[in-house]
Amino acid sequence: MLQIGTVKLANWLVMAPMAGYTNLAFRLVAKAQGAGLVTSEMISAAGLTRRQKKTIEYLKSVPAEKPLAVQIFGSSPETMARAAEIAVEAGADIVDINMGCPVKKVVKTGAGASLLRDLKQTSRIIRAVRHVCPVPLTAKIRLGWSRGKPVALETARMLQDCGVDALTIHPRFATDGFSAPADWEWIRKVKEHLKIPVIGNGDVMEAPTAIRMKKSTGCDGVMIGRGGLKKPWIFRQILRLEKGMPAPDPDLLERRNLVINHVRLFREYMPEKRALHGILGALMWYTKGLPNSAHFRESISRARDFDSLLGAVDRYFAELENVPAARYEAQ
Ligand SMILES: Cc1cc2nc3c(=O)[nH]c(=O)nc-3n(C[C@H](O)[C@H](O)[C@H](O)COP(=O)(O)O)c2cc1C
C-alpha cells in the first residue's frame, strides 16, 4: 500500500500522466485493471485560469476512477496556485506538478522540464501551490535538464522542504528522448535521500520489471507509462505476480472485450469527433506488434463514427482467430 499525504492508495502502482492518452476513458480502463492511482494528462495552468473550455474539459472525472491525480504545468506561482485551486474544486484528490515535459512549446514558456533549470523560481511556484492546495501535492521530475548535469537530489530535497507529499522520478535528462534507458540507480539515490514517498518511473514495459524496479531501488511506488498503453492489464499482472500467482497475458477474447469496452468508454465520455481521434491513438498501442495490425490501423483510421469503428474491431479480432495462438501470445 502506498499513502500520499492523506490519500491511501489500494496499491503501489500508478498510471503515468500521458498527454493525448490518459483521458477519462483510458484512466477508467487502467483503474479497472488494477492501477492504484491514475493521473490526468498534463493540463495548462494558464488555460485553466483563463477558463478555456477545452482545457477545463480535461478536468472531467467520475467516481469510478478515484483517487485521481491532476497534473498541471506552468511557470508562474500565482497562475499555478490558482490552477491548483480550480483542479481541486473540480475534484482532484492529488495535484501533481509537471517538472519533466521536454516539449519545446512548453519549455520555452519556462514550464515543464524548464523548472529543473531554476530551482529558486521553482521553489516559489511549489510554495505558492502548497499554500493554497488543500489536498496532497506531488511533483514529477527528471534527472536534470541536460546530460552530465544531474540536479535530481537537490530538486528532490527542495520539493520535500517546500511541503510536497511525494515525488516521481523519471531518471532521464530532458534532452534525452527515449533512446537511452532510464537510469534506475537515481531512483535509489533519491529514495535514500528523502523521507517522503518516492515513485520510480521509466521503462517498465512488462510486469516482472515493476517488481524488479521496486526491489532494486527501494522505491515506494512504481509509475507505468507506455507499458500501460500497450498492456493496460499490466497492473493486474503485477499484483498477481507479487502474490506469487500466475499472470498470463489475456487471451484473444478478453483483448477484444477490453478494446470494445475502451471504445464504449470513449463514446460515453467524449464528444464523438474528439473521441474518434483519441481512440485511434489508444488502439494503435493495443495492437502494436499483433498480426496484420497495419491493416487494422488503416481500417480504423477510415472510421467516421463509432459503429463503423466497432465493426472494424470485430472484423479484425475475427480474423485473428485464424492466427495460431503463439503468434499473438508472444507479443
Ligand atoms: C505519449 C506520451 C505522453 C506523455 N505525456 C506526459 C505528461 O503529460 N506529463 C508527464 O509528466 N509525463 C508525460 N509523459 C512521460 C511519462 O509520464 C513517463 O514519464 C515516460 O513515458 C517514462 O515512463 P515509461 O517508460 O513507463 O513510459 C509522456 C510520455 C509519453 C510517451
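For clarity, every value in this text was computed on a predicted model and none was experimentally measured. (Residues numbered from 1 in each chain as written. Predicted model: local features only at pLDDT ≥ 70, side-chain atom pairs only at ≥ 80, totals over all residues. Heavy atoms only, no water.)

Visitor: Before we move on, could you go through the overall build of the protein chain and cite the residues and values that matter?
Guide: Looking only at helices and strands, one finds 16 helices and ten strands in the protein chain. Compactness check: the protein chain gives a C-alpha radius of gyration of 20 Å against a globular reference of 20 Å for 331 residues, within 12% of the reference. With the principal axes as the frame, the protein chain shows a C-alpha extent of 60 × 45 × 35 Å. Taking as baseline every contact in the protein chain between residues at least 6 positions apart, the subset at least 24 positions apart corresponds to 69%. Put simply, the protein chain shows about 14300 Å² of open surface, and 53% of that area lies on carbon and sulfur atoms. (Helix = DSSP H or I, 4+ residues; strand = E, 2+ residues; numbered from the N terminus. Rg over C-alpha atoms; globule rule 2.2 N^0.38 Å. Contact = heavy atoms within 4.5 Å. Areas by Shrake-Rupley, 256 points an atom, 1.4 Å probe, with all protein chains shown as cover.)

Visitor: How would you sum up the pairing of strand β5 (residues 68-73)? Please name residues and give values.
Guide: Most of β5 sits inside the fold, with six of its six residues counted as buried. Of the pairings in the sheet, the one linking strand β4 (residues 38-44) to β5 comprises five bridges and is parallel in character. When the sheet's bridge partners are listed, Val38 is paired in β5 with Leu68. Pairing analysis gives four bridges linking β5 to strand β6 (residues 94-99), with the strands arranged parallel. Residue pairing in the sheet places Ala69 in a bridge with Ile94 of β6. Read as a crossover between parallel neighbours, the route from β5 over helix α4 (residues 77-89) to β6 is right-handed. (Buried < 20%, exposed > 50% of the residue type's maximum accessible area, 1.4 Å probe, protein only. Pairing = 2+ DSSP bridges. Right-handed = clockwise from strand over helix to strand, strands pointing away.)

Visitor: Could you give an account of the domain arrangement of the protein chain, with specific residues and numbers?
Guide: Per the domain assignment, the segments of the protein chain are domain 1 (3-242) and domain 2 (252-329). The straight-line distance from the C-alpha centre of domain 1 to that of domain 2 is 28 Å. If you look at the interface, domain 1 gives 19 residues, while domain 2 gives 14 residues. Each partner contributes to the roughly 1600 Å² buried at the junction of domain 1 and domain 2, and carbon and sulfur atoms together form 68% of this total. When the area that domain 1 buries against domain 2 is broken down by residue, the three leading residues are Ala25, Lys230 and Trp233, summing to 28%. Taken together, the links from domain 1 to domain 2 amount to one salt bridge. Residues Glu254 and Arg236 are paired through a salt bridge, measuring 2.9 Å at the closest nitrogen-oxygen approach. (Domains from an automatic or database assignment. Buried area = accessible area lost by both parts, 1.4 Å probe. Salt bridge = Lys/Arg side-chain N within 4 Å of Asp/Glu carboxyl O.)

Visitor: I'd love a proper account of unusual backbone geometry, names of residues and values included.
Guide: Cis geometry marks the peptide bond from Lys66 to Pro67, where omega comes out at -5°. With respect to the element layout, Pro67 can be found in the loop between α3 (53-57) and β5. One non-glycine residue with positive phi stands out, namely Asp203, at about 70°. For Asp203, the position within the fold is in the loop between β9 (198-201) and α9 (207-217). Of note, Asn292 is a non-glycine position whose phi angle comes to about 55°, a positive value. Along the chain, Asn292 turns up in the loop between α13 (272-287) and α14 (293-301). For Asn292, a relative accessible area of 47% gives the class partly exposed.

Visitor: Would you mind going over the environment of Trp145 in detail, with residue names and values included?
Guide: Tracing the chain through its elements places Trp145 in the loop between β7 (137-144) and α7 (152-161). Each C-alpha atom, one on Trp145 and one on Pro208, is 30 Å from the other, the two residues being 63 residues apart in sequence. With residues up to four places along the chain from it excluded, the contact list for Trp145 reads Val107, Ala113, Ser114, Leu116, Arg117, Phe173, Ala174 and Thr175.

Visitor: Can you break down the environment of Arg51 residue by residue, with the values?
Guide: The topology assignment puts Arg51 in the loop between α2 (45-49) and α3. Of the residues examined, Arg51 reaches a relative accessible area of 46% and is grouped as partly exposed. The sequence separation of Arg51 and Ile86 amounts to 35 residues, and the corresponding C-alpha distance is 9.4 Å. In this structure, Arg51 is in contact with Ile56, Arg82, Ile86 and Glu89, ignoring residues within four places of it in sequence.

Visitor: Before we move on, can you summarise the site of the ligand with the specific residues and values?
Guide: In the neighbourhood of the ligand, 17 residues make up the surrounding shell, with Gln71, Asn201, Asp203, Gly225 and Arg226 lying closest. Within the backbone of Met42, one N or O atom sits 3.3 Å away from an oxygen atom of the ligand. Between the ligand and Gly225, the relevant distance is 2.8 Å, taken from an oxygen atom to a main-chain nitrogen or oxygen of the residue. For the ligand, the protein covers 87% of the area, taking 600 Å² as the surface of the free molecule. (Near = heavy atom within 4 Å. Polar contact = N/O pair within 3.5 Å; in protein donor to acceptor, adjacent residues only side chain to side chain.)

Visitor: Now, about helix α15 (residues 306-320): what can you tell me, with residues and values included?
Guide: Counted at 1.5 Å a residue, the expected span for α15 with its 15 residues is 21 Å, and the 21 Å between its end C-alpha atoms agrees. Taken residue by residue, α15 has Phe306, Leu309, Leu310, Ala312, Val313, Tyr316, Phe317 and Leu320 as its buried positions. All buried residues of α15 project into a common sector of 155° when viewed along the axis, lining one side. The exposed set on the far side of α15, more than 90 degrees from its buried face, consists of Asp307 and Arg315. (Expected span 1.5 Å × (residues − 1). Arc of directions from axis to C-beta.)

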